[in-house]
Structures are given as structure tokens and as C-alpha cells.
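# Structural description and commentary
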Amino acid sequence: MAQKEKDLNELFLDTLKDIYYAEKQILRALPKMAKAAHSEDLQAAFEKHHDETEQHVERLEEVFELIGKPARGKKCEAIEGIIEEGKEVMEEYADTPALDAGLLAAAQAVEHYEISRYGTLKSWAAKLDLKDAVKLLDQTLSEEKKTDATLTKIAEEAVNYEAAA
């Protein structure tokens, strides 16, 4: 029996499940990263992003509701790998001046993944005429971009210098 053609609605739902799973993993990883960081600015950024991530999860749940589907995650290998790299950095660079630079790099890999996913979902939601979903996804996309900019600023103003010292 031939598989029925998959469409953009299904791809949107699959990707929504992917980022939902990813956000839940990120919620678990951020407190560990904040605890490991030496820089107070970096700790504060991780803690602030943890609070924002809780809102991101809630917004995703609203999007699931808008399309009449249960909010369920689907294992995301990409985020698992990025988070695993962050754990390796915490182990291999613990108690070194390079730790915060490594944590920052891992956090930015997470942000770039999220920015990519939210940008795609927002675009697809627009194509699918899901105006309320577009607004919710755009809110989160903006916050992810701000977090990335904050991390870049912390890296450039302090952490990278300390790692190189």
C-alpha cells in the first residue's frame, strides 16, 4: 500500500514536536550550565533564559492547541548532540579559564538551532495561514535572537579574554 503523501501540515507538526522536545531538554540543561559557569553575567544569562524557555514551552503548547493536536515532543537527535557537547565541555574544562568560553559556545549552538527552527516554523505557519501561531512563534524567535546577542556580548566583552589569558 502506497504511503499517503505527507504535506506541509504534517511537516509543521513534526517540527513543532521536535522543538517542543528540544525546549524541554534545554530546560533541564540550563540550570546545570548556570551552576558550572564562573562568570556572573553568564550565570545570569542562563538563568534568565531558563525563565524565558518556560514561556517558550507554554507558547508551543498554545500552538499545538491552535492546530488541535496534543502537545507532545518527538526525540530530537540534534539537540541531544548539542547538549551532550555542552556536558563534555563542562567535564573536560571544569575549573579552567576556558570553561565559560566553552559553555558560551555550547549555548550559542543551542540558540542557533532554536533560531533556525522557530524561523522555519513561523514561515510555515504563515503559509498555512495560522496567524495566531505566527505571532507566538515570532515572539519566541525574537527572544532567541536577543539571547544569542546577549551571549555574543558576554563572550566579546569578557569571557573570551579570560579564556585566552
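For the structure itself, look to the data block above.
Notes on the structure follow. Predicted model only: the values in this text are computed from it and were never measured.

Attention shifts here to helix α3 (residues 77-92). When the terminal C-alpha atoms of α3 are compared, their 22 Å separation across 16 residues agrees well with the 22 Å that a helix rising 1.5 Å per residue should span. In this fold, the buried residues of α3 make contact with α1 (8-36) and α4 (99-127).

To continue, consider the layout of surface pockets. Here the largest pocket defines a volume of roughly 300 Å³. As for the largest pocket, its lining consists of 22 residues, of which Gln25, Ile26, Ala29, Ile83 and Lys87 are closest to the centre. Sorting the residues of the lining of the largest pocket by element identifies α1, α2 (40-66), α3, α4 and α5 (131-164) as the ones contributing at least two each. Of the residues that constitute the lining of the largest pocket, the class distribution is 12 nonpolar, four polar and six charged.

Counting through the fold element by element, Leu141 comes out in helix α5. In this structure, Leu141 is in contact with Ile115, Tyr118, Gly119 and Lys122, ignoring residues within four places of it in sequence.

So, how was this worked out
- Residues numbered from 1 in each chain as written.
- Predicted model: local features only at pLDDT ≥ 70, side-chain atom pairs only at ≥ 80, totals over all residues.
- Heavy atoms only, no water.
- Helix = DSSP H or I, 4+ residues; strand = E, 2+ residues; numbered from the N terminus.
- Expected span 1.5 Å × (residues − 1).
- Contact = heavy atoms within 4.5 Å.
- 1 Å grid on protein atoms, 1.4 Å probe; cavity = no way out; pocket = protein on both sides within 12 Å on 5 of 7 lines; lining within 4 Å.
- Points joined across faces, edges and corners; volume = space filled by probe spheres on them.
- Nonpolar A, V, L, I, M, F, W, Y, C, P; charged D, E, K, R; others polar.

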